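# Examining the three-dimensional arrangement
Chain by chain, the residues run as shown.
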Amino acid sequence: MFFNSLAFLVFFLIVFTIYWSLPYQRLRVYLLLAASFYFYASWDEALAMLVVSTTIADYIVARCMCATRSQELKKFLVAFSVVMNLGVLAYFKYRNFFLESLQQGLHAIGDTTTFEMAKLIVPFGISFYTFEAISYSVDVFRGKIKAERNLPNFMLFILFFPHLVSGPIVRAGDFLPQTHRPKRFSWLRMQAGVQFFLMGLFKKMAIADRMAVYSTPVFEDPTKYSTGSIWIALLAFAIRIYCDFSGYSDMAVGCAHMLGYKLTLNFRMPYLAPNVQDFWHRWHISLSTWLRDYLYFPLGGSRGSAWFAARNTMIVMTLGGLWHGATWSYVVWGVLHGCLLVGHRFFKEWAKDKQQLRAWLDTSVGYALRMALTFLAVMLCWVFFQPSLEIAVTMLQRMFVPTPGTEMLPLHPRSLWYTIAFMALCHYIGAKGLWKTWSVRLPAPALGFGYATALTLALVLAPDAGQAFIYFQF
Amino acid sequence: MLPPASCRPTRRQAVRALGFGLFFWLVLQVGMIVAVAAYPRLRDPLYGDKAVRLLRRALVEPRPRTIVMIGSSRTGFGFHGRRIEARLKPIRPESIVAYNFGIPSSGPITHLIYLRRLLAAGLRPDLLLVEVLPPMLGRYPGRTPLEKLWFYPDRMTYDELRYLESYGFPRSETEPKWLHSALNPWFSLRFQLAGRVVPGWIPWSVRYDWSRGTDESGWNTPMRTTVTPAEYAKGIAQAQAEYEIYLRDLQPAGPALTALTEIARLCRENAVPLYFVLMPEGKDFRAWYSPTVNQRLRFALDEIGRHHNTRVIDCREWVPDHEFSDAHHLLRPGAEHFSDRMTDEVLQPFLQGRGLQ
């Protein structure tokens, strides 16, 4: 059940109506739990049971941690929770990858051992809820939050359907207090929720799915396409992945708002970032802050030499790449971003006492150049953001060595240029804060007409078959 | 006048904005539902665009003599109306309209619907040619009629949907799809709409602009005059995958044959002379019919002819192989070849009153 499907719309309307008709907060939590379970079970009932089981286990472990005074036992319990969660993740998502890699390594040194690969379905959103569960256990261990006493509330923290399968990765400290607060229907929140949902729906249906028409055939078989077509497809992919994922996040935030919950924002116009460090402050914020708080800082962060910080950055970004997908291509993607971050850090260090250069970089021309360079670097890295290393290499080869191709893209590039122009306009409006002003100052009929038009355009511009959200596979 | 910038969002404004949003959304939906009902061309541009052009040419005073050929994409590429008109001019000085009503992925049942629409619009052709696409005529387990594979309920009116029930399209299957498209027209008809307004924004395969890009006589001019042997082989392989299985043991029966019979009945009732046409096919394609299948086909069509005074024109061997793109779709020289022979051997004699002898 995807957010952009009719089935979800019906599901959400039913849940929404019953939710706000219920007189007690407790009942509402139960309703959301049941709805969330149904939402997940609509894909696979057995996997829904798996999520529920690990959630209950995490609840018990955290309660035990709170109950004991023994530091040793606490350490053991947090380690148990982390290992259990990562173990489930590794089994379902990384088992075949590790075995395959081991097998290839053994073959390379002449050993002919072969391992049997399991035919496993990777539970939807496992990477997301695993990180939520780990952060909860670690926060309880660190004493940052108290273990939740109420099991349904805790289960709702993990299973809440708007963020369950593709984030944002919520923190217990942000979410659990909301489950305790009595909810009152607010038209202002409702309006905010509708705005977020419509924005996300438009991004997904009118832009991301349309961009997929350009990028998918090229990413499937780049050998058929010319240099120009591959560049266009990569540009389309960069737009697609942003609109797909941020569109999902916006819809999740919107649904949560309509139900009286606030989720963290996941994107802040990342392609306007003037450097790659800033890009990661704007892209998938809930993941980057998670990696910072639960991996980078524990590794020592930047409290040491430049090389020590660089090492930590590389470790974090490599694992971040692996988090996205169980293939070497995603690992390379992570490594490349690590290199970009390290390179940027060294450049910043080098430019520290070069006043003239820094002044120039801060001019509007310098800023635009930095932004363009950052976008180009990030875009080139997207080549690796798909399962096959071979395809990535082929694409790069054909991009930088002029090559003729036989196949034409399925759509005329004109609609791509219009989309880019439209996105640039939206980014300008967003960056100048105009939308916030307009949403307050515009007369209600104009706003209403805007909502109706956005929804209609999202429907009209949706291409042939709706594409699944890219981040569902993670 | 905008309120001052310092003002904060209010509950009243939120309620009104959402209310207006819902109101405008409903207005847009209802507006489109009304527009689709008033202009069926929006719903079915494949039919509508060709029909508008045909009726504009045929329903004028003095009435021209009108020859219409209804068929599939084979007809669309093959029946070169303008060439036929030019060829007939020296023999028949009066105005003649030869119109190509070939629509891709259509068979006898769709052709029946289109004929009913054209008759309802007041058209009475002087001669109607209806293509018979043999694979469509069979009865196949779970796939009868074969047109189900390409049938789009959203292109039909509700009355047509009811009418089609007796042709193997149960309402339990077609009605939900039709209702979905009727109640959510912006989404369901998005390709029809976008294909008309911003065709470059959607892939060519879903543009619904087949009937818009034709010449004045409805001919879908083939883009190419030749194909390479490799392209031809690829085309044949695709045609084989699509049709051979149905031709091997074809037994004309079921809803598609009933539809052909109904076409013949309607024509007789409206005094429209009717010829069934078996379109040209390459040697490879013809090899998929066994002699028995050929006999069965001939028998079924003759049977309709006996009851309704129709004739069958078997053109399958009229065009050499190199004039096809894939052994059943004609290239430009093939279309010219076929149209010339059709004019000389069928249309001229008919117009000279020697047709239905």
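Residues numbered from 1 in each chain as written. Chains lettered and ligands numbered in written order. Predicted model: local features only at pLDDT ≥ 70, side-chain atom pairs only at ≥ 80, totals over all residues. Heavy atoms only, no water.

## Here's the deal with the packing of helix α5 (residues 126-142) of chain A against helix α12 (residues 285-296) of chain A
All names here are of chain A. Their axes nearest at 12 Å, the elements α5 and α12 cross at an angle of 40 degrees. Both α5 and α12 take part in a crossing whose hand is left-handed. Residue-level inspection shows F131, I134, S135, V138, D139 and R142 of α5 in contact with α12, the latter providing L287, W290, L291, D293 and Y294. Along the lines of polarity and charge, the residues of the contact of α5 with α12 split into seven nonpolar, one polar and three charged. (Axes fitted to C-alpha atoms, helices over the stretch in contact; angles between N-to-C directions. Helix = DSSP H or I, 4+ residues; strand = E, 2+ residues; numbered from the N terminus. Left-handed = near helix turned anticlockwise from the far one by under 90°. Contact = heavy atoms within 4.5 Å. Nonpolar A, V, L, I, M, F, W, Y, C, P; charged D, E, K, R; others polar.)

## Things to note about the environment of G366 of chain A
Residues and elements named next belong to chain A. The topology assignment puts G366 in helix α16 (residues 364-382). The sequence separation of G366 and R441 amounts to 75 residues, and the corresponding C-alpha distance is 34 Å. Ignoring sequence-local partners within four residues, the contact set of G366 consists of W360 and L361.

## Considerations on the confidence of the model for chain A
Per-residue pLDDT for chain A has a mean of 91; in total, 98% of the residues score no lower than 70. In the model of chain A, helix α19 (residues 434-441) of chain A stands out as the element of lowest mean pLDDT, 84, in contrast to helix α11 (residues 276-282) of chain A, which has the highest, 96. (pLDDT = per-residue confidence, 0-100.)

## Quick notes on the pattern of salt bridges
Residues and elements named next belong to chain B. For the coordinates displayed, the defined rule picks out 33 salt bridges over all chains. Residues D49 and R212 are paired through a salt bridge, measuring 3.9 Å at the closest nitrogen-oxygen approach. Placement of the pair is D49 in helix α3 (residues 45-58) and R212 in the loop between α10 (190-197) and α11 (229-247), with a sequence separation of 163 residues. E345 is the salt-bridge partner of R341, the closest N and O atoms lying 2.8 Å from each other. Residue R341 and its partner E345 are located together in helix α15 (residues 332-354), separated by four residues, close to a single helical turn. Counted as one network, the salt bridges with shared partners bring together R41, D49, R196 and R212. (Salt bridge = Lys/Arg side-chain N within 4 Å of Asp/Glu carboxyl O.)

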